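A closer look at the structure
Here is what each chain is made of, one letter per residue.
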Amino acid sequence: MKDIRTLSLEELKAHFLTLGEKPFRAKQVYDWLWSKNLHSIEDMTNLSKELRQALAKEFIINPIEVDLLQKSSDGTIKNGVKLHDGLLVESVLIPTLTRTTACVSSQVGCSLNCEFCATAKLKRMRNLEVAEIVDQVALIDRQSRLYHQRPLTNIVFMGMGEPMMNYKNVVEAIRKITAPQGLGMSPRRITVSTSGIPKMIKMLADEELRVKLALSLHSAVEETRNDIMPFTQKFPLTDLMEALQYWYEKTGSVITFEYCVWKGINDTDKDIKALIRYARQVPSKVNLIQYNPIGEGKFDHRSIEAEQRYVSELTKAGVTVMVRRSRGGDIDAACGQLANKAAE
Ligand code: SAH
């Protein structure tokens with residue numbers, strides 16, 4: 001049976017006409033599905049019993065299910081989320097004093113091959129549906145209200161997968177999350193994180209979604225970046241910069257560079273200078289993110305000494321830099337650690 005959430009509002013309206021129902025009924029159903037995140041046709045109480053029965057004969061709603069919930073000592077919650085076909089993704093709730101951030105997945109596994117990332121090692125791969133992305137947001141919102149007595153405040157597409165490789169569904173999910181007839185969240189509180197596919201960055205800039213962009217850079221030295229993120233061989237840093245400049249021109253929104261410092265990989269003065277030169281070409285800031293080991297020897301532990309050199313040199317050069325502490329590491333919920341470990 002068809003999932004009713006694959007229908008647009010227009011398609012729902014057209015369908016209701018064939019059932020001899022008024023178009024406003026379609027709006028009521030749409031509201032249950034996308035604003036209230038209801039997962040049962042039976043519970044759409046403002047529709048007649050007959051209409052609910054007729055719909056239930058034709059359509060299903062495929063909800064996501066929490067398969068495993070793990071709580072970190074720092075309040076981070078990692079959800080192992082089961083999809084209707086049994087595949088798993090992970091969705092993380094990250095609390096701070098004033099915010100709750102949902103870190104959501106866009107794909108099962110990932111089609112890219114960053115050597116330092118656990119998700120890249122997963123073999124099974126598929127894109128998430130629009131509803132599967134929206135459901136993760138609604139889930140974390142409910143958990144935030146339950147465990148932290150406040151609604152969800154921020155969303156980052158930093159879970160499993162590369163959002164730009166599931167472009168259409170990610171954009172549609174963002175529209176549903178931000179629409180007043182959807183979850184009604186502010187786009188300014190949504191960050192799309194990408195490993196950097198220039199053409200797609202430009203496309204996203206043209207959507208006028210008003211979301212923020214984070215770019216996983218990790219090195220501004222071409223050979224080094226090609227080495228640790230092999231897919232970038234197709235996307236030279238100059239093309240990437242051109243796309244980032246386009247992004248800024250179109251959106252006026254400052255770009256965040258995500259960057260891990262590794263001993264023996266990007267810890268020299270040459271690496272730091274390259275980053276300064278790169279970051280200065282577009283309004284941006286640098287987040288130094290703590291590396292979470294995934295058992296890949298080459299990416300030994302982080303170099304705190306080099307990290308401090310980065311901070312002082314970037315600051316001296318007038319580049320805004322922040323050191324991000326990692327959250328949820330004790331339950332493998334941190335960046336790059338999402339790999340269904342508990343399910344194996
Ligand atoms: N594919 C997207 C979003 C998912 S990854 C992207 O690449 O941006 C979210 C962030 O975690 C990225 O910046 C990624 O480079 C980083 N990351 C991956 N593995 C990591 C690890 N083991 N430790 C710390 N950060 C990691």
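Residues numbered from 1 in each chain as written. Predicted model: local features only at pLDDT ≥ 70, side-chain atom pairs only at ≥ 80, totals over all residues. Heavy atoms only, no water.

Focus: the overall build of the protein
Heads up, the condition is: Every helix listed is a DSSP run of H or I at least four residues long, and every strand listed is a run of E at least two residues long, numbered separately from the N terminus. The globule rule used here is 2.2 Å times the number of residues to the 0.38 power, and the radius of gyration it is set against is calculated over C-alpha atoms. Exposed residues in this analysis have more than 50% of their type's maximum accessible area, buried residues have under 20%, and partly exposed residues fall in between, with area computed by a 1.4 Å probe over protein chains only. Contacts between residues were defined by any pair of non-hydrogen atoms, one from each residue, lying within 4.5 Å. With residues, only the protein chains shown are counted as cover, and all accessible areas are computed by Shrake-Rupley using a 1.4 Å probe.
The helix and strand tally for the protein stands at 10 helices and 14 strands. Against the 2.2 N^0.38 benchmark of 20 Å for 344 residues, the protein shows a C-alpha radius of gyration of 21 Å, consistent with a compact globule. By its C-alpha atoms, the protein is 70 × 40 × 35 Å across when sized along the principal axes. Looking at the protein residue by residue over its 344 residues, the buried ones come to 54%. Residue pairs at least 24 apart in sequence account for 65% of intrachain contacts in the protein once pairs closer than 6 positions are excluded. Carbon and sulfur atoms form 51% of the exposed surface of the protein, whose accessible area is close to 15800 Å².

Observations concerning the nonpolar core
Put simply, the test is: The set of buried Ala, Val, Leu, Ile, Met, Phe, Trp, Tyr and Cys residues whose side-chain atoms join them within 4.5 Å is what this entry labels a nonpolar core. Domain delimitation follows an automatic or database domain assignment.
Core analysis: the largest hydrophobic core is formed by 89 residues, its most contacted members being Phe 257 and Val 286. A per-element tally of this core places helix H4 (residues 130-148) first, with seven residues. When residues of this core are assigned to domains, at least three fall in each of domain 1 (2-60) and domain 2 (85-343). Excluding anything up to four places from it in sequence, Phe 257 contacts Leu 215, Leu 217, Leu 244, Tyr 278, Ala 279, Val 282, Ser 284, Lys 285, Val 286 and Asn 287. Grouped together as the second largest cluster of nonpolar side chains are 14 residues, Cys 114, Phe 116, Phe 231 and Ile 265 included.

Notes on the pattern of salt bridges
As a reminder of what qualifies: Any carboxyl oxygen of Asp or Glu that lies within 4 Å of a side-chain nitrogen of Lys or Arg is treated as forming a salt bridge with it.
By the definition in use, this model includes 17 salt bridges. We note a salt bridge from Lys 298 to Glu 115, for which the minimum N-O separation is 2.9 Å. Linking Lys 298 in the loop between strand S13 (284-289) and helix H10 (304-316) with Glu 115 in the loop between strand S7 (107-108) and strand S8 (126-127), this pair joins segments that are 183 residues apart in sequence. Residue classification places Glu 115 among the partly exposed positions, given a relative accessible area of 25%.

Things to note about the site of the ligand
Applied cut-off: Being near a molecule or strand, for a residue, comes down to having at least one heavy atom within 4 Å of it. Counting of polar contacts relies on pairs of N or O atoms within 3.5 Å, with two restrictions inside protein: one atom must be capable of donating a hydrogen and the other of accepting it, and residues adjacent in sequence are counted only when both atoms are side-chain atoms. Only Asp, Glu, Lys and Arg are considered charged, only Ala, Val, Leu, Ile, Met, Phe, Trp, Tyr, Cys and Pro nonpolar, and every remaining residue, Gly among them, polar.
Taken together, 21 residues surround the ligand, and among them Ser 193, Ser 195, Ser 216, His 218 and Asn 292 come closest. At 3.1 Å, a backbone N or O of Phe 116 approaches a nitrogen atom of the ligand. Within the contact set of the ligand, a nitrogen atom lies 2.9 Å away from a backbone nitrogen or oxygen of Asn 292. Protein coverage of the free-state accessible area of the ligand, which is 530 Å², stands at 96%. Residues that form the shell around the ligand fall into these classes: nine nonpolar, 10 polar and two charged.

Some points on the domain arrangement of the protein
Under the domain assignment, the protein is made up of domain 1 (2-60) and domain 2 (85-343). Distance from the C-alpha centre of domain 1 to the C-alpha centre of domain 2: 36 Å. Of the residues lining the interface, six residues belong to domain 1; the matching set on domain 2 comes to 10 residues. Linking domain 1 with domain 2 are one salt bridge, by the criterion used here. Across the contact surface, domain 1 and domain 2 share five residue pairs in polar contact (both at pLDDT 80 or more). Split into classes, the residues belonging to the side of domain 1 that touches domain 2 amount to two nonpolar, three polar and one charged.

A word on the environment of Leu 183
Relative to the elements of secondary structure, Leu 183 occurs in the loop between helix H5 (167-178) and strand S10 (190-194). Under the relative-accessibility criterion, Leu 183 is labelled partly exposed at 24%. Residues Leu 183 and Pro 63, spaced 120 residues apart in sequence, show a C-alpha to C-alpha distance of 16 Å. With residues near it in sequence (within four places) discarded, Leu 183 still touches Trp 34, Ser 35, Val 134, Val 137, Ala 138, Lys 176 and Ile 177.

As for the packing of helix H6 (residues 198-206) against helix H8 (residues 237-251)
The condition is simple: The convention used is that axes are lines fitted to C-alpha atoms, helices contributing only their stretch in contact, and that angles between N-to-C directions extend from 0 to 180 degrees. Geometric relationships in this document are graded by angle, where less than 35 degrees denotes roughly parallel, more than 145 denotes roughly antiparallel, 65 to 115 denotes roughly perpendicular, and other angles denote oblique.
Two numbers describe how H6 lies on H8: the axes approach to 8 Å, and their chain directions differ by 5°. One element, H6, and the other, H8, form an angle in the roughly parallel class. On H8, the residues touching Pro 198, Ile 201, Lys 202, Leu 204, Ala 205 and Asp 206 of H6 are Asp 239, Leu 240, Glu 242, Ala 243, Leu 244, Tyr 246, Trp 247, Lys 250 and Thr 251. Looking at the contact of H6 with H8 residue by residue, the class counts come to nine nonpolar, one polar and five charged.

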